[in-house]
Structures are given as structure tokens and as C-alpha cells.
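Architecture at a glance
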Amino acid sequence: GAGVSQSPSNKVTEKGKDVELRCDPISGHTALYWYRQSLGQGLEFLIYFQGNSAPDKSGLPSDRFSAERTGGSVSTLTIQRTQQEDSAVYLCASRALGGRQETQYFGPGTRLLVL
Amino acid sequence: AQTVTQSQPEMSVQEAETVTLSCTYDTSESDYYLFWYKQPPSRQMILVIRQEAYKQQNATENRFSVNFQKAAKSFSLKISDSQLGDAAMYFCAYGTMEYGNKLVFGAGTILRVKS
């Protein structure tokens with residue numbers, strides 16, 4: 001079946017503008033994650049959604065970052081008043097729930113450049 | 001908090017040879033998962049291999065195998081018979097069993113394969 005998809009693939013914006021990044025998880029996957037990959041760095045966790053439970057927002061770097069997941073499927077990550085340090089690749093992953101740790105499957109990411 | 005360290009920013013291997021990528025981690029948990037992900041220039045994160053901490057036997061997937069030393073908190077990846085398609089960034093990741101099963105990533109190792 002289809003994998004995790006993300007849009008746009010690339011986004012260039014001006015400092016101070018708002019941006020929205022979209023993630024379509026694998027059908028049937030109830031867990032969804034957002035990670036950020038800064039240049040030359042590993043991935044850092046941003047936020048986690050699981051079904052109808054309250055999301056785990058512990059990784060969001062500031063209150064300019066927010067995310068929602070509508071209908072338990074598509075998720076949108078919003079960055080308000082973008083700053084140059086927000087430039088990074090934003091990766092989404094989804095996971096089926098099982099008895100133990102199930103593998104997270106990643107999308108191709110959105111490369112964000114803030115000028 | 002858990003941390004993952006990849007001490008080799010870059011490695012090179014001759015085609016058909018064997019290479020080992022290093023990873024160490026720090027945790028106070030006794031139950032967890034470890035992963036190696038591959039990220040080619042396309043940015044798509046691809047799962048290479050996973051290891052369950054409660055299993056003593058090292059995981060293997062075709063040409064890929066791990067050396068899991070739980071007491072030493074070491075998790076190295078061995079790639080045998082290296083192929084040009086193995087060239088990529090490799091990330092070691094720790095999977096917590098806490099709520100959300102978040103992944104903690106190392107900074108990555110760039111693997112170059114010479115023909």
C-alpha cells in the first residue's frame with residue numbers, strides 16, 4: 001500500500017510568515033509523529049498523536065509551533081512567525097499499534113527554508 | 001533522558017568489503033528497542049534493522065547485522081559485501097517503551113562506498 005506522504009516537498013518562505021506542513025500517514029496507522037532534522041543533525045522529536053488521546057507536545061521548541069490531526073488521519077504542522085533557525089527538514093512518521101514497539105515508517109519530509 | 005552517540009561522522013568502504021558503524025547509547029531503562037535507519041539523498045528514512053533489548057541474539061537482515069552489547073550500551077551495524085546502493089546517511093535510534101514509543105536519534109554517519 002501507499003507509504004507516508006508529505007507536502008510540500010520543499011518550502012521557501014520569508015522570515016515572519018506562517019507555514020503549514022502536511023502529513024498523510026499510512027492508512028490504518030493510529031500513531032503519528034513529527035520530527036525535525038536540522039542540517040547535519042539527527043532527528044529530534046516534536047509531537048506525537050495517538051488516536052483520540054491528548055497529543056504529546058513535549059518536543060515542540062516554542063509556542064510558535066503547533067500541530068493538529070483531523071479525523072485521526074491527516075496531520076498539519078504549523079509554524080507561525082517563522083525564524084531562520086526554523087530552517088530544517090520536517091519528517092513525519094506513522095506507526096501501527098501493537099503489543100510492543102512497532103516500527104515507525106517515515107515520509108520523505110518537507111525541506112523548509114526561511115529567508 | 002536517553003541519548004544516542006554516533007562517533008563516526010563519516011566512513012568509507014570499498015565495494016564488496018565490510019564496514020562497521022558504531023553507536024552507543026545511554027539509558028536507565030532495561031526494556032527498549034534499537035534501530036538503524038538509512039537515509040539516502042532522497043531523504044526517505046528506511047528501516048535497516050531493529051533489535052529488541054530483551055533478546056540476546058543479534059539481529060540480522062541479509063547483509064546487515066548488529067553487534068548488540070547491552071551491558072556496554074553499544075549497538076554497532078555491520079554491512080557485509082558493501083554495494084554502491086548502500087551509500088547513505090545511517091542513523092542509530094533508541095526506541096523507548098514509555099508512552100509514545102518516541103525515537104531518540106544519533107547525529108548520523110555518512111557512509112561512502114567506493115567502486
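Residues numbered from 1 in each chain as written. Chains lettered and ligands numbered in written order. Predicted model: local features only at pLDDT ≥ 70, side-chain atom pairs only at ≥ 80, totals over all residues. Heavy atoms only, no water.

1. A short note on the state of the cysteines
- Evaluated as defined, the whole model comprises two disulfides over all chains.
- The partner cysteine of cysteine 23 of chain A in its disulfide is cysteine 92 of chain A, sulfur to sulfur 1.8 Å. The sign of the S-S torsion, about -65 degrees, decides the handedness of the disulfide formed by cysteine 23 of chain A and cysteine 92 of chain A: left-handed. One end of the pair, cysteine 23 of chain A, is in strand 3 (residues 19–24); the other, cysteine 92 of chain A, is in strand 8 (residues 88–95), with 69 residues separating them in the sequence.
- For cysteine 92 of chain A, a relative accessible area of 0% corresponds to the buried category.
- At a sulfur-sulfur separation of 2.0 Å, the disulfide partner of cysteine 23 of chain B is cysteine 92 of chain B. Between cysteine 23 of chain B and cysteine 92 of chain B, the disulfide has an S-S torsion of -70 degrees and is therefore left-handed. (Disulfide = S-S within 2.5 Å. Helix = DSSP H or I, 4+ residues; strand = E, 2+ residues; numbered from the N terminus. Buried < 20%, exposed > 50% of the residue type's maximum accessible area, 1.4 Å probe, protein only.)

2. A word on the pattern of salt bridges
- Evaluation of the coordinates by the stated rule reveals ten salt bridges over all chains.
- In this structure, lysine 102 of chain B engages aspartate 56 of chain A in a salt bridge whose closest nitrogen and oxygen atoms are separated by 3.1 Å. Here aspartate 56 of chain A lies in the loop between strand 5 (43–50) and strand 6 (65–69) and lysine 102 of chain B lies in the loop between strand 10 (88–96) and strand 11 (103–105), a pairing that spans two chains.
- Glutamate 10 of chain B serves as the salt-bridge partner of arginine 112 of chain B, at 2.6 Å between the closest nitrogen and oxygen. Linking arginine 112 of chain B in strand 12 (residues 109–114) with glutamate 10 of chain B in strand 2 (residues 10–14), this pair joins segments that are 102 residues apart in sequence.
- With relative accessibility at 43%, the residue glutamate 10 of chain B sits in the partly exposed group.
- Within this structure, Arg50, Glu52 and Lys55 of chain B form a network of salt bridges that share partners. (Salt bridge = Lys/Arg side-chain N within 4 Å of Asp/Glu carboxyl O.)

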